[in-house]
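Here are the chains, one letter per residue:
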Protein chains: 2
Amino acid sequence: MQTKKVTVKDIARLSGLSIGTVDRVMHNRSGVAEESRRKVMEAMESLGYTLNTNASLLANKKHYRICCLLPSFESGDYWELVYNAVASAQRDAEGYNLSIETLTYNQFSREEFIEAVERLKADLPQAVIVAPIYRNDTIELGHYLKEKGVPMVFIDSKVSEADYLAYYGIPMWESGYLAASLLLGDEPPQSIVNFRIERGGGIADNPTLARRHGFTDYVSENLPELRIYNEFLRPHDREHNFAVMDKFFAAHPDIRHIVTFNSRVHLIADYITTRGLKGMSVLGFDILGQNIKAVQEGVVKYLIVQRTQVQLRRGVNALAEWLAFGTIPPLKDNYMPMDILVKENINFYSELYKDN
Amino acid sequence: MQTKKVTVKDIARLSGLSIGTVDRVMHNRSGVAEESRRKVMEAMESLGYTLNTNASLLANKKHYRICCLLPSFESGDYWELVYNAVASAQRDAEGYNLSIETLTYNQFSREEFIEAVERLKADLPQAVIVAPIYRNDTIELGHYLKEKGVPMVFIDSKVSEADYLAYYGIPMWESGYLAASLLLGDEPPQSIVNFRIERGGGIADNPTLARRHGFTDYVSENLPELRIYNEFLRPHDREHNFAVMDKFFAAHPDIRHIVTFNSRVHLIADYITTRGLKGMSVLGFDILGQNIKAVQEGVVKYLIVQRTQVQLRRGVNALAEWLAFGTIPPLKDNYMPMDILVKENINFYSELYKDN
DNA sequence: GAAAATTTCGTGTACGTACACGAAATAAGA
DNA sequence: TCTTATTTCGTGTACGTACACGAAATTTTC
């Protein structure tokens, strides 16, 4: 390819028409004779025209705003990962005609979600990224946005019934199934315990539910005899949790396999470290700082994680292409890799965690 | 940030100078009084100027050529992955002022490598990406390129003694160590077999060597009693390989753990499937199509893979930033994630394999 | 067949940055 | 003080695309 880049000017010359006309056919705008359109298309074809993205974006003086609607977070919890990913995407967008904003809401308060949606509507951006919690309200938001012509992409989890442009996340059921195969595949135990962390607001958490289903489906397919104990912990009550676990392990000293389906496996790691328990097989999810530490120390054996940054980047890209060029993503639902982290490889995943 | 993007014009106005002067200080070009430079810097600071990448790249009419120097490949082997990654990066570069070329050489022929280097020198690109095989010749190439001011990045593996801008790849020793922990961690066997695939040219393959060291170091640390058998296969001689394996398993019917350190674990999967062996624990490397299939069918238990596409993308980005803005990558050696693939999660890695 | 309506097209300007060219200002030399 | 170097700066054009405006060509209307 030693030939220079072909430009609209080249195809204008070849087709015997002007830049303006070429431009019109390239944007399927009206006001061009069928004959001319054909000529232009042919010229584009034969010269192998490709758009100069820089020039296009520069000339296209529109400035797009993308708004991310996410649960707010406390330091060290799952949503901080997502927020960091947004911050990172924001920096990437800097210098392009894109800006990324964030709107957060308390995930346990439907009122706050609705209020956040109102704020969104009050100053409507050109595109929206949502990490959905409230199913019905999200569907409604989808309707509203569709009417306004504002595309929405889901990350983290999705609401299938809503109108959305694309989804980027991991398959939740499969992540549970994977968890079971890792934890139980080699030398299946007699029984295991699932520590379930209650959510503050007592709201149905569908993603985690799907994950548990994946796990139990694996069990009933492969280990119908396995006994799964369920014990309930609280997010912020260490004393209570320790009491629960003390009691449980006193009653079941033989149990060595522990699973938890949300991001708080570090609560259990804390207990194990404090009590000095040995020989436990613990599996958890999500690459929180405290979870990383637990894996590095060998307390948690497997951590299944998703690439939040990548998901968000893909989401932003999809929206940017839609906004700038009207491109629709090839796949609507994009199930992205679930990475398996163990002590020996976790250190090389740091980029996923650091906001880099 | 409802304020419009600040441009050079803005900072020219604020500093009371002209666009030209602002431009000069931004590029540290000569011919600007100290006083003026200070004013401009201050204005940039206070207005929070950020470069408009699109305009910059458009106006900067230079067209950069990046050349990738890689081993040639046959369909289905490891280097095809890398080549696909290059092709993908090439498409990404399309439309920007970047073009990516490929120069391949037979990895078993030093002559071909040297010849490829000559071709490279004959039509020197602005930057080079190398997947190195021949250590000394690569060092020499590094010297030459340094002299010419052409930056070089390594992918896949590196030659530490050479002059290079950056390296993107996985840590080989650690990948072997990880392999051992996965294959032997849970219920350590008495003995295992390492099928070693001889390379056509009989050349020292340092990366694979480092990987084997990682494996054996794990073993001597944790399982000093473990017996590792070494058997040698050939890349393209199925009959011979089957004979070797038949003989081996006849002599060692108790062995159920198999490892191989290069990308050809599918050769062993083929054998296992054909002979109908059951209960084998097989671990291999690299996300080749045939390896994926072997994992999906449950013949290979673990596949440790690297994200070739990401490595290449990072390499290209590093070079592009260096070329366009003179930016030096924050880290010289970038050790990237090693992903653990099993039957239950491999399907979601397809993007890494498909050239997408 | 001329005027009006409509379709079809070309020209010009803008986007923000890079850089060449030469003008103005300053310093050096006589 | 006037000329000649040298430093310092402003202006203009280009990059390739987007789009508004209006001119030319075509069709419609009476």
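Look up: the structure comes first, before these words.
The text that follows walks through the structure, step by step, so that each part is easy to find. Treat the numbers as computed from the prediction; the structure is a model and nothing was measured.

## Comments concerning the overall build of chain A
Right, on to step 1. Summing up its helical and strand segments, chain A has 14 helices and 12 strands in all.
Right, on to step 2. The dimensions of chain A, computed from C-alpha atoms along their principal axes, are 85 × 50 × 35 Å.
Right, on to step 3. Across the 356 residues that make up chain A, the buried fraction comes to 51%.
Right, on to step 4. Expressed as a percentage of contacts within chain A between residues at least 6 apart in sequence, the contacts between residues at least 24 apart total 70%.
Right, on to step 5. Within the structure as shown, chain A displays about 16700 Å² of accessible surface, and the carbon and sulfur contribution to it stands at 50%.

## Things to note about unusual backbone geometry
Residues and elements named next belong to chain A.
Right, on to step 1. With phi around 45°, Asn28 is a residue other than glycine that occupies positive phi space.
Right, on to step 2. Assignment of secondary structure puts Asn28 in the loop between helix 2 (19-26) and helix 3 (34-47).
Right, on to step 3. Asn28 sits in the exposed class, given a relative accessible area of 66%.

## A short note on helix 1 (residues 8-15) of chain B
Residue and element names in this part refer to chain B.
Right, on to step 1. Of the positions making up helix 1, those classed as buried are Ile11, Ala12 and Ser15. Projected down its long axis, helix 1 shows its buried positions confined to an angular sector of 105°, all on one face. Opposite the buried face of helix 1, by more than 90 degrees, sit the exposed residues Lys9 and Arg13.
Right, on to step 2. Where helix 1 is buried, its residues touch helix 2 (19-26) and helix 3 (34-47).

## As for the environment of Gln126 of chain B
Residues and elements named next belong to chain B.
Right, on to step 1. When you line up the elements, Gln126 lands in the loop between helix 6 (110-122) and strand 3 (127-130).
Right, on to step 2. Spatially, the C-alpha atom of Gln126 lies 15 Å from that of Ala166, the residues being 40 residues apart in sequence.
Right, on to step 3. Ignoring sequence-local partners within four residues, the contact set of Gln126 consists of His63, Tyr64, Arg65, Val150, Pro151 and Leu323.

## What to know about the packing of aromatic side chains
Right, on to step 1. Tallied over the full model, the rule gives 32 aromatic pairs over all chains.
Right, on to step 2. Between Phe154 of chain B and Tyr164 of chain B, the aromatic rings sit 5.0 Å apart at their centres with planes inclined by 45°, giving tilted as the arrangement. In this pair, Phe154 of chain B sits in strand 4 (residues 152-155) while Tyr164 of chain B sits in the loop between strand 4 and strand 5 (166-169), placing the two residues 10 residues apart along the sequence.
Right, on to step 3. With a relative accessible area of 0%, Phe154 of chain B lands in the buried category.
Right, on to step 4. An aromatic cluster is built from Phe195, Tyr229, Phe242, Phe248, Phe249 and Tyr271 of chain A, whose rings are joined through pairwise contacts.
Right, on to step 5. Residue placement shows Arg211 of chain A over the ring face of Phe285 of chain A; its charged tip is 3.7 Å from the ring centre.
Right, on to step 6. The side chain of Lys332 of chain A reaches across the aromatic face of Tyr164 of chain A, ending 4.4 Å from its centre.

## Points about the pattern of salt bridges
A side chain of one charge can pair with a side chain of the opposite charge when the charged atoms of the two come close.
Right, on to step 1. Applying the stated criterion across every chain, the model contains 36 salt bridges over all chains.
Right, on to step 2. Of the charged contacts in the structure, one is a salt bridge between Arg65 of chain A and Glu101 of chain A, with a shortest N-O distance of 2.7 Å. In this pair, Arg65 of chain A sits in strand 1 (residues 64-71) while Glu101 of chain A sits in strand 2 (residues 98-105), placing the two residues 36 residues apart along the sequence.
Right, on to step 3. A relative accessible area of 28% means that Glu101 of chain A is categorised as partly exposed.
Right, on to step 4. The closest approach of N and O atoms between Asp270 of chain B and Arg238 of chain B, which form a salt bridge, is 2.6 Å. With Asp270 of chain B in helix 11 (residues 265-275) and Arg238 of chain B in helix 10 (residues 238-251), the pair connects residues that are 32 residues apart, well separated along the chain.
Right, on to step 5. By relative accessible area, which is 28% here, Asp270 of chain B ends up partly exposed.
Right, on to step 6. Salt bridges linked by common partners bring Arg307 and Asp339 of chain A together with Arg307 and Asp339 of chain B together as one network.

## What about the protein's contact with DNA strand C?
Right, on to step 1. Neighbouring DNA strand C are 24 residues; Ser18, Ala33 and Ser36 of chain A together with Tyr49 and Ala59 of chain B lie closest to it.
Right, on to step 2. Counting only the atoms of DNA strand C that lie within 4 Å of the protein, the sugar and phosphate share comes to 65%.
Right, on to step 3. A distance of 2.7 Å separates a phosphate oxygen of DNA strand C from a polar atom in the backbone of Ala33 of chain A.
Right, on to step 4. Within the side chain of Ser36 of chain A, a nitrogen or oxygen atom sits 2.3 Å from a phosphate oxygen of DNA strand C.
Right, on to step 5. For the surface near DNA strand C, the secondary-structure elements that each account for two or more residues are helix 2 and helix 4 (53-59) of chain A together with helix 4 (53-59) of chain B.
Right, on to step 6. Residues belonging to the surface near DNA strand C are distributed by class as follows: 10 nonpolar, 10 polar and four charged.

## Structural notes on the pairing of strand 4 of chain B
Remember that side chains alternate between the two faces of the sheet whenever the strand is regular.
Residues and elements named next belong to chain B.
Right, on to step 1. Because side chains alternate across strand 4, one face comprises the buried residues Met152 and Phe154, and the other comprises Val153 and Ile155, equally buried.
Right, on to step 2. For strand 3 and strand 4, the ladder comprises three bridges, and the chain directions are parallel. Pairing of Val128 across the sheet is with Met152, part of strand 4.
Right, on to step 3. Taken together, strand 3, helix 7 (residues 135-148) and strand 4 constitute a β-α-β crossover, and its handedness is right-handed.
Right, on to step 4. As defined by bridge partners, strand 4 adjoins strand 5 across three bridges and the pair is classed as parallel. Residue pairing across strands places Ile155 opposite Tyr168, the latter belonging to strand 5.

## Here's the deal with the sheet that holds strand 9 (residues 281-285) of chain A
All names here are of chain A.
Right, on to step 1. With mixed pairing, the six strands of this open sheet are ordered in space as 7-6-8-9-10-12. With partners counted over all chains shown, the strands left at the sheet margins are strand 7 (227-233) and strand 12 (338-341), one partner each. Each neighbouring strand pair of the sheet contributes to a mean axis angle of 20°, computed without reference to strand direction.
Right, on to step 2. Note: strand 6 (residues 191-197) against strand 8 (residues 257-259), two bridges, orientation parallel. Note on strand 8: the bridge partner recorded for Val193 is Ile258.
Right, on to step 3. On the sheet, helix 11 (residues 265-275) packs against strand 6, strand 7, strand 8, strand 9 and strand 10 (302-306) and is oriented at approximately 150° with respect to strand 9.

## A look at the packing of helix 2 of chain B against helix 3 of chain B
Residue and element names in this part refer to chain B.
Right, on to step 1. In contact at an axis separation of 10 Å, helix 2 and helix 3 are set at 85° when each is read in the N-to-C sense. When the axis of helix 2 is compared with that of helix 3, the two are roughly perpendicular. Contact with helix 2, carried on its side by Thr21, Val22, Arg24, Val25 and Met26, involves Ser36, Arg37, Val40, Met41 and Met44 of helix 3 and no other residues of that element.
Right, on to step 2. Grouping the constituent residues of the contact of helix 2 with helix 3 by class yields six nonpolar, two polar and two charged.

## Things to note about the interface of chain B and chain A
Right, on to step 1. Taken together, the contact pairs 36 residues of chain B with 36 residues of chain A.
Right, on to step 2. Summing both sides of the interface, chain B and chain A together bury roughly 3300 Å²; the carbon and sulfur share of this comes to 53%.
Right, on to step 3. Between chain B and chain A we count four salt bridges in total.
Right, on to step 4. Where Asp339 of chain B meets Arg307 of chain A, a salt bridge forms, and the shortest distance between an N and an O atom there is 3.2 Å.

## Observations concerning the packing of helix 10 of chain B against helix 11 of chain B
Residue and element names in this part refer to chain B.
Right, on to step 1. Running from amino to carboxyl end, helix 10 crosses helix 11 at an angle of 65°, the nearest separation of the two axes being 11 Å. Here helix 10 is positioned roughly perpendicular relative to helix 11, judged by the angle of their axes. Here helix 10 and helix 11 pass one another in a crossing that is right-handed. Facing Arg238, Asn241, Phe242, Met245, Asp246 and Phe249 of helix 10, the residues of helix 11 in contact are Leu267, Ile268, Asp270, Tyr271, Thr274 and Arg275.
Right, on to step 2. Here the residues of the contact of helix 10 with helix 11 sort into six nonpolar, two polar and four charged.

About the criteria used
Residues numbered from 1 in each chain as written. Chains lettered and ligands numbered in written order. Predicted model: local features only at pLDDT ≥ 70, side-chain atom pairs only at ≥ 80, totals over all residues. Heavy atoms only, no water. Helix = DSSP H or I, 4+ residues; strand = E, 2+ residues; numbered from the N terminus. Buried < 20%, exposed > 50% of the residue type's maximum accessible area, 1.4 Å probe, protein only. Contact = heavy atoms within 4.5 Å. Areas by Shrake-Rupley, 256 points an atom, 1.4 Å probe, with all protein chains shown as cover. Arc of directions from axis to C-beta. Phe/Tyr/Trp six-rings, centres within 6.5 Å; stacked < 30°, edge-to-face > 60°. Lys NZ or Arg CZ within 6 Å of the ring centre and 35° of its normal. Salt bridge = Lys/Arg side-chain N within 4 Å of Asp/Glu carboxyl O. Near = heavy atom within 4 Å. Polar contact = N/O pair within 3.5 Å; in protein donor to acceptor, adjacent residues only side chain to side chain. Nonpolar A, V, L, I, M, F, W, Y, C, P; charged D, E, K, R; others polar. Pairing = 2+ DSSP bridges. Right-handed = clockwise from strand over helix to strand, strands pointing away. Axes fitted to C-alpha atoms, helices over the stretch in contact; angles between N-to-C directions. Parallel < 35°, antiparallel > 145°, perpendicular 65-115°, else oblique. Buried area = accessible area lost by both parts, 1.4 Å probe. Left-handed = near helix turned anticlockwise from the far one by under 90°.

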